Structure formats: structure tokens, C-alpha cells
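# Structural description and commentary
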Amino acid sequence: MQPIRLELENFGPYEATEIDFSMYYAHTLFLISGKTGSGKTTIFDGMMYALYGKTSGGLREGKEMRSNFADSGNKTKVTFEFKQDNQTYVIEREPEQLVKKVSGEGFREQKNSARLTVFDSEKNEINQIIKISEVDKYIANLVGLNREQFSQIVMLPHETQRDGLRAPAPR
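On a predicted model such as this, the values are computed, not experimentally measured, just so you know.

Right, let's talk about the overall build of the protein for a bit. Within the protein one finds three helices and 10 strands. Along the chain direction, N to C, the helices and strands of the protein fall in the order β-β-α-β-β-β-β-β-β-α-α-β-β. Counting across all 171 residues of the protein, residues that qualify as buried make up 39%. In the protein, the proportion of contacts linking residues at least 24 apart, taken out of those at least 6 apart, comes to 52%. Put simply, the protein shows about 10700 Å² of open surface, and 48% of that area lies on carbon and sulfur atoms.

If you want it as C-alpha cells, here you go:
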């Protein structure tokens with residue numbers, strides 16, 4: 001899997017942020033680093049939520065990731081774009097949340113949603129899946145890892161970093 005772009009809308013501390021991973025393609029490996037509280041875990045939470053519908057540590061649900069900065073009229077949404085096997089995948093997820101009613105005043109509960117769009121190497125759309133259970137199954141088969149396995153591979157190096165130095169993982 002080659003990450004291309006992560007877009008966080010009213011997710012965690014991010015009001016509207018796009019992370020373009022393509023500028024790191026010259027390197028075979030890159031590290032997301034920063035001071036405590038700088039938002040590193042939220043980036044991983046966004047990737048995990050987009051792929052698996054759950055945050056990286058599994059301690060918070062998607063609806064709990066709604067930004068405190070979000071205007072009541074703006075939705076919480078995560079979009080993750082990545083490449084694998086000459087195809088591009090764009091997965092969008094919105095957690096359960098209160099949204100403004102289309103007509104009248106007040107709010108209504110919107111259920112969580114997922115949409116996975118698959119593009120060929122020429123960027124032509126070849127498939128779109130909008131049923132959450134089908135998106136989850138497709139991603140599990142595509143990535144070949146469940147959420148816990150993905151979290152161990154991606155998050156473990158993140159969790160063992162201390163004071164800017166990479167420490168060996170505890171045994």
C-alpha cells in the first residue's frame with residue numbers, strides 16, 4: 001500500500017487538513033514525528049478510521065473524534081487515498097454524528113457511512129462500494145491485514161519513539 005493523501009475534516013484537532021504523502025516518495029521509508037500533542041496519533045487514527053472504521057488504539061469511536069473546533073453545520077469526514085497493484089483507492093468515512101436538518105430547524109442523527117471508489121491506472125472509476133460491511137470486507141481482502149495487525153505494523157514504531165529518538169520495541 002502506498003499512501004497518497006489523507007484528508008481530515010473536523011476530525012480530532014484538525015478542522016480541515018490534507019496531508020500529501022506523495023512528496024515523500026523519493027524516500028523508501030519516512031517517519032511521522034513531532035512533539036507530544038502535535039497530532040501524530042490523530043493522523044494514524046484518521047488512516048485507521050478510513051480503512052477499518054475504528055481508531056488506531058480502538059479506545060475511541062469515530063463519533064468521539066469530532067473536532068471541538070467544528071461548526072455545527074460542518075460534517076466530520078475522513079478521506080484516505082492510496083495505491084496498490086496499479087489501482088488507486090479512495091475511501092471516505094463519516095462517523096455517526098448530528099447534522100443540521102435540510103429543512104426546518106434543529107439537528108438529526110446521521111448514521112456512519114463509508115464509500116470506497118476504485119480507479120484503474122488511467123484514473124477511470126472501475127468500482128464503487130457504499131455498503132459499510134462490503135467496504136470493510138473489500139479492504140480486509142485488499143490490505144491482507146485486520147485492524148489489529150495493521151495497527152501493530154504501522155503504530156508500533158510510533159508508540160516506541162521517545163524524545164525524538166527511536167527506541168527498540170519492548171519485549
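Pairing in this open sheet of six strands is antiparallel, and the strands run β2-β1-β3-β4-β7-β8 from one edge to the other. Edge positions in the sheet fall to β2 (14-20) and β8 (125-129), since each has one partner strand and no second. Going from strand to strand, the sheet's axes swing by 10° on average, the running direction of each strand aside.

Relative to the helices and strands, Tyr 49 is located in helix α1 (residues 40-52). By relative accessible area, Tyr 49 is classed as buried at 3%.

One pass over the full model with this rule turns up five aromatic pairs. Both rings, one in Phe 11 and one in Tyr 49, keep their centres 6.1 Å apart while their planes meet at 35°; by these two values the pair is tilted. Linking Phe 11 in strand β1 (residues 2-11) with Tyr 49 in helix α1, this pair joins segments that are 38 residues apart in sequence. Looking at Phe 11, the relative accessible area reads 0%, which means it is buried. Seen from their ring centres, Tyr 89 and Tyr 138 are 6.3 Å apart, and the 55° between their planes marks the pair as tilted. In this pair, Tyr 89 sits in strand β4 (residues 87-94) while Tyr 138 sits in helix α2 (residues 132-143), placing the two residues 49 residues apart along the sequence. Look at Tyr 89 and you get buried, because its relative accessible area is 2%. Tyr 138 gets classed as partly exposed once you look at its relative accessible area, which sits at 26%. An aromatic cluster is built from Phe 80, Phe 82, Tyr 89 and Tyr 138, whose rings are joined through pairwise contacts.

The next point concerns the confidence of the model for the protein. Confidence along the protein averages 81 in pLDDT terms, with 80% of residues attaining 70 or more. Across residues 157-171 the pLDDT falls below 50, and counting only partners more than four positions away or on other chains, this stretch makes 14 contacts in the model.

Right, let's get into the side chain of Gln 110. Positionally, Gln 110 belongs in strand β6 (residues 107-110). Its relative accessible area of 9% is what places Gln 110 among the buried residues. Polar side-chain contacts of Gln 110 include one of 3.0 Å to the side chain of Lys 75. A polar atom in the side chain of Gln 110 sits 2.7 Å from the side chain of Glu 94.

Before going further, it helps to spend a moment on α1. Here α1 is 13 residues long and its end C-alpha atoms lie 18 Å apart, about the 18 Å a rise of 1.5 Å per residue gives. Summarising burial for α1: 12 of the 13 residues are buried, a large majority. Buried within α1 are the following residues: Lys 40, Thr 42, Ile 43, Phe 44, Asp 45, Gly 46, Met 47, Met 48, Tyr 49, Ala 50, Leu 51 and Tyr 52. Once α1 finishes, Gly 53 follows within two positions and takes phi at roughly 75°, a positive value.

What counts, and at which threshold
- Residues numbered from 1 in each chain as written.
- Predicted model: local features only at pLDDT ≥ 70, side-chain atom pairs only at ≥ 80, totals over all residues.
- Heavy atoms only, no water.
- Helix = DSSP H or I, 4+ residues; strand = E, 2+ residues; numbered from the N terminus.
- Buried < 20%, exposed > 50% of the residue type's maximum accessible area, 1.4 Å probe, protein only.
- Contact = heavy atoms within 4.5 Å.
- Areas by Shrake-Rupley, 256 points an atom, 1.4 Å probe, with all protein chains shown as cover.
- Pairing = 2+ DSSP bridges.
- Axes fitted to C-alpha atoms, helices over the stretch in contact; angles between N-to-C directions.
- Phe/Tyr/Trp six-rings, centres within 6.5 Å; stacked < 30°, edge-to-face > 60°.
- pLDDT = per-residue confidence, 0-100.
- Polar contact = N/O pair within 3.5 Å; in protein donor to acceptor, adjacent residues only side chain to side chain.
- Expected span 1.5 Å × (residues − 1).

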